[in-house]
Amino acid sequence: MLSGMNGARAVLATLERHGVDTVFGIPGVHTLPLYDALHGGGIRHVLARHEQGAGYMAYGYARATGKVGVALVISGPGATNIATPMANAYSDSVPVLTIATTLPRDHDGRERGALHELKDQFASMSALVGWARRVSDAAELPGAVAEAFAALTARRPRGAYLEIPLDLLTEPVPGGAADPLPVARPVPAAEDVRRAAELLGGAGRPMIIAGAGVTDAGTQLRVLAERLGAPVLLRPGSKGVLPDDHPLVLATRVSIVPDAFRELIGGCDVALIIGTKLGDERTAVGTMPLPETRVRVDLDPAELTRRWPVELGVHADAGAFLDALLDVCDGPSAAVREDRTQWAAKSVAGARSAMEEFARTDFEVPTEYLDAVRAAMPAESVTVADMTMLGYASAELYPVDRARAYIHPYELCSIGCGLPIALGARAGSGDRPVVALCGDGGILQTIGELAVAAQEDIPVTVVVFNDRTYSAVQQNQRRSYGHRVIATELRAPDYVALAGAFGLTPSRADSPEALQTELTAALARPGPSLIEVPIPRATA
Ligand SMILES: Cc1ncc(C[n+]2csc(CCOP(=O)(O)OP(=O)(O)O)c2C)c(N)n1
Ligand SMILES: [Mg+2]
């Protein structure tokens, strides 16, 4: 007995059963069965202008909501265009699923010069992500979608790629849609929890380094830190999980290690390192003076043995581990806790001001603009920082007090991601205001997505800091190449005219006060806005 569903409908119905309310993409004849099946379903489609945009929208949606972000792309150029955000989903551990078609089975891989043919699409795309599957029978489609979701929720999410030969989308699927698979994240072994409690309990000065893995475990993290009197180092992926201004918290992106920072870390003897890969970018290329005794907790067992030797490695979900640890770890006496807390608060304050000083000067930009943005944006809003000098500086200077309120992609660092990430974040998170902090160079990589903001009426505010320069690169030319500047100065379009032409409300702000005023006005009116902020080009 057939369910009456074809492959395309079965894929979408399975997405709906997994709670998907929005997908991002661009159609082509090679995905038309999927698009046709969107009619009458419960899924909103947001039409991007470049598949890189669609992928970063899915990324922004996922980071702002905690749900899987889904993109639909055609075979060939649709797949290659979405490669960058998929690589970013991998490096930042974000649950993004790309569903791509490929040529019908009797054409694929035959090098006949067919429309949208790639040399080896599956090999190209699967190399970028944590989970990939190519389906070769329509009956497998619903199960494959469910498996993708299981991979992105039970394990460390590192992007997923599902490839569907075009002819399968119009074939009948006898079983119809699939339900979510039962998924369970690994819970820690009791013995590991006991040993972790012992190591942390025996510490003179314990510390905690927490990455994106703790995003939904902020409550437990806070209880543990306060119980132990331990400083907590947050990374760009976990910024906001505990408030930046908590006396035990140092939220930093900077990969250099100023003395005050070295003293803070060097003053600790046991580190709980949880839900972070401790990558080169965040550890001063491995030179951060981490305590010798390390307890590492990660959803990904591979991280437990990578680079940094550990006393104890625990394969577990961060929240499950913290819950179990809090049950058995009482912390020190009140007097010891008080002593540690005072030391930690003093050391954190010293390290924080060293990092802030660095961020206020080293990027050579007027960082008062960040204070203006913060003053205008309500606490529950989402701030997206692109790869631009003020975006980097925001990691130190822009206080955030909750999880999923600050998105600053790291490691892959692809310029231009900010605008589409903001669109996806806003599409997924209802009424929360969203602002994107962009550079003039970066935004031109994805400027076409302004049309999406206007057409789909996604009321984000885009701030373009315009120094007519690829400053991050030019700074290196000035500092390391004897001021031999080449290929880093930009002829700027008229951003106000450009934004107006796309249908956004445009404005220009020449001072931090003006930016605060313009941003406040932008949040108060319907529809998307763009504010150009001219800033001087650094020359020192
Ligand atoms: C896709 C990509 N291409 C090139 C680079 C190298 N790059 C890093 S920062 C940067 C300049 C960005 O300029 P802009 O957005 O104006 O920000 P600014 O540095 O001027 O603040 C470039 C070209 C990159 N990170 N990503
Ligand atoms: Mg610039």
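For the structure itself, consult the block above.
Now for a quick tour of the structure. Source: prediction; values computed, not measured. (Residues numbered from 1 in each chain as written. Chains lettered and ligands numbered in written order. Predicted model: local features only at pLDDT ≥ 70, side-chain atom pairs only at ≥ 80, totals over all residues. Heavy atoms only, no water.)

So, the overall build of the protein
Of the regular secondary structure elements, the protein holds 20 helices and 18 strands. In terms of C-alpha radius of gyration, the protein reaches 24 Å, essentially the compact-globule figure of 24 Å for 540 residues. Referenced to the eigenvectors of the C-alpha coordinate spread, the extents of the protein come out at roughly 70 × 60 × 45 Å. A buried classification covers 56% of the 540 residues belonging to the protein. Sequence-distant contacts, at least 24 apart, represent 75% of the contacts inside the protein between residues at least 6 apart. (Helix = DSSP H or I, 4+ residues; strand = E, 2+ residues; numbered from the N terminus. Rg over C-alpha atoms; globule rule 2.2 N^0.38 Å. Buried < 20%, exposed > 50% of the residue type's maximum accessible area, 1.4 Å probe, protein only. Contact = heavy atoms within 4.5 Å.)

Regarding the site of ligand 1
Lining the immediate surroundings of ligand 1 are 18 residues, of which Thr 388, Asp 440, Gly 441, Gly 442 and Thr 469 lie closest. Take Cys 413: an N or O atom from its main chain is 2.9 Å from a nitrogen atom of ligand 1. Element by element, the count of residues in the shell around ligand 1 is highest for helix 16 (residues 440–446), at four residues. (Near = heavy atom within 4 Å. Polar contact = N/O pair within 3.5 Å; in protein donor to acceptor, adjacent residues only side chain to side chain.)

As for the coordination of the magnesium ion (ligand 2)
At 2.1 to 2.2 Å from the magnesium ion (ligand 2) lie its protein donor atoms, namely Asp 440 (OD), Asp 467 (OD) and Thr 469 (O). Counting the intervening residues between successive donors of the magnesium ion (ligand 2) yields the motif D-x26-D-x1-T. Linking Asp 440 in helix 16 with Asp 467 in the loop between strand 16 (461–466) and helix 18 (471–480), this pair joins segments that are 27 residues apart in sequence. Accessibility assignment for this pair places Asp 440 and Asp 467 in one class, buried. (Donors = N, O, S within 2.8 Å, 3.2 Å for Na, K, Ca; no water.)

Examining empty space enclosed by the protein
By the definition in use, this model includes two cavities of 30 Å³ or more. Size it by volume and the largest cavity reaches roughly 40 Å³. Together, Phe 363, Glu 364, Val 365, Met 389, Asp 467, Ser 471, Arg 478, Pro 536 and Ala 538 line the largest cavity. Residue composition of the lining of the largest cavity, grouped by class: five nonpolar, one polar and three charged. Of the volumes computed, that of the second largest cavity is approximately 30 Å³. As for the second largest cavity, its lining consists of Gly 109, Arg 110, Glu 111, Glu 117, Leu 118 and Lys 119. For the lining of the second largest cavity, the residue count by class is one nonpolar, one polar and four charged. (1 Å grid on protein atoms, 1.4 Å probe; cavity = no way out; pocket = protein on both sides within 12 Å on 5 of 7 lines; lining within 4 Å. Points joined across faces, edges and corners; volume = space filled by probe spheres on them. Nonpolar A, V, L, I, M, F, W, Y, C, P; charged D, E, K, R; others polar.)

Comments concerning the nonpolar core
Residues Val 462, Phe 465, Leu 515 and Val 533 are the most contacted members of the largest nonpolar core, which totals 81 residues. The dominant element in this core, judged by the number of residues it contributes, is helix 3 (residues 51–65), at eight residues. Excluding residues within four positions of it along the chain, Leu 515 makes contact with Tyr 369, Ala 372, Val 373, Val 463, Phe 465, Ala 509, Ile 531 and Val 533. (Core = buried A, V, L, I, M, F, W, Y, C linked by side-chain atoms within 4.5 Å.)

Description of the packing of helix 1 (residues 7–17) against helix 7 (residues 141–154)
Helix 7 packs onto helix 1 with a crossing angle of 30° between their chain directions and a minimal axis gap of 8 Å. Between helix 1 and helix 7, the angle is such that the two are roughly parallel. Of the two elements, helix 1 crosses helix 7, and the hand of that crossing is right-handed. Listed contacts from helix 7 to Gly 7, Ala 10, Val 11, Thr 14 and Leu 15 of helix 1 are Leu 141, Pro 142, Val 145, Ala 146 and Phe 149. Residue composition of the contact of helix 1 with helix 7, by class: eight nonpolar, two polar and no charged. (Axes fitted to C-alpha atoms, helices over the stretch in contact; angles between N-to-C directions. Parallel < 35°, antiparallel > 145°, perpendicular 65-115°, else oblique. Left-handed = near helix turned anticlockwise from the far one by under 90°.)

Side note on the pairing of strand 13 (residues 382–385)
Here strand 13 shows a buried face lined by Val 382 and Val 384 and a second buried face lined by Thr 383 and Ala 385. Sheet topology note: the strand 13/strand 15 (residues 434–439) ladder contains four bridges and is parallel. The residue bridging Val 384 from the neighbouring strand is Ala 436, located in strand 15. Of the strand pairs in this sheet, strand 13 and strand 14 (residues 406–407) are connected by two bridges, and their pairing is parallel. The residue bridging Val 384 from the neighbouring strand is Ile 407, located in strand 14. (Pairing = 2+ DSSP bridges.)

Regarding the packing of aromatic side chains
Summed over all chains, the structure comprises six aromatic pairs. Ring centres of Tyr 56 and Tyr 59 lie 5.8 Å apart, and the angle between their planes is 70°; on these two criteria the pair is classed as edge-to-face. Here the residue Tyr 56 and the residue Tyr 59 both occupy positions in helix 3, the gap between them amounting to three residues, near one helical turn. On the basis of relative accessible area, Tyr 56 is assigned to the buried category, the value being 0%. Taken together, the ring pairs connect Phe 358, Phe 363 and Tyr 392 into an aromatic cluster. (Phe/Tyr/Trp six-rings, centres within 6.5 Å; stacked < 30°, edge-to-face > 60°.)

With respect to the pattern of salt bridges
A full pass over the atoms with the stated rule returns 32 salt bridges. For the salt bridge of Asp 167 with Arg 105, the shortest nitrogen-to-oxygen distance reads 2.8 Å. In this pair, Asp 167 sits in the loop between strand 6 (160–165) and helix 8 (190–201) while Arg 105 sits in the loop between strand 4 (96–102) and helix 6 (121–126), placing the two residues 62 residues apart along the sequence. By relative accessible area, Asp 167 is classed as partly exposed at 21%. Put simply, Arg 195 and Glu 311 hold a salt bridge, and the shortest N to O gap is 3.4 Å. Placement of Arg 195 in helix 8 and of Glu 311 in the loop between strand 11 (293–298) and strand 12 (312–315) is noted, with a sequence separation of 116 residues between them. Classification of Arg 195 by relative accessible area gives partly exposed; the value is 25%. Glu 311 gets classed as partly exposed once you look at its relative accessible area, which sits at 44%. Linked through salt bridges whose partners overlap, the residues forming this network are Arg 156, Arg 296, Asp 300, Glu 303 and Arg 306. (Salt bridge = Lys/Arg side-chain N within 4 Å of Asp/Glu carboxyl O.)

That's the geometry; what it means functionally is another story.
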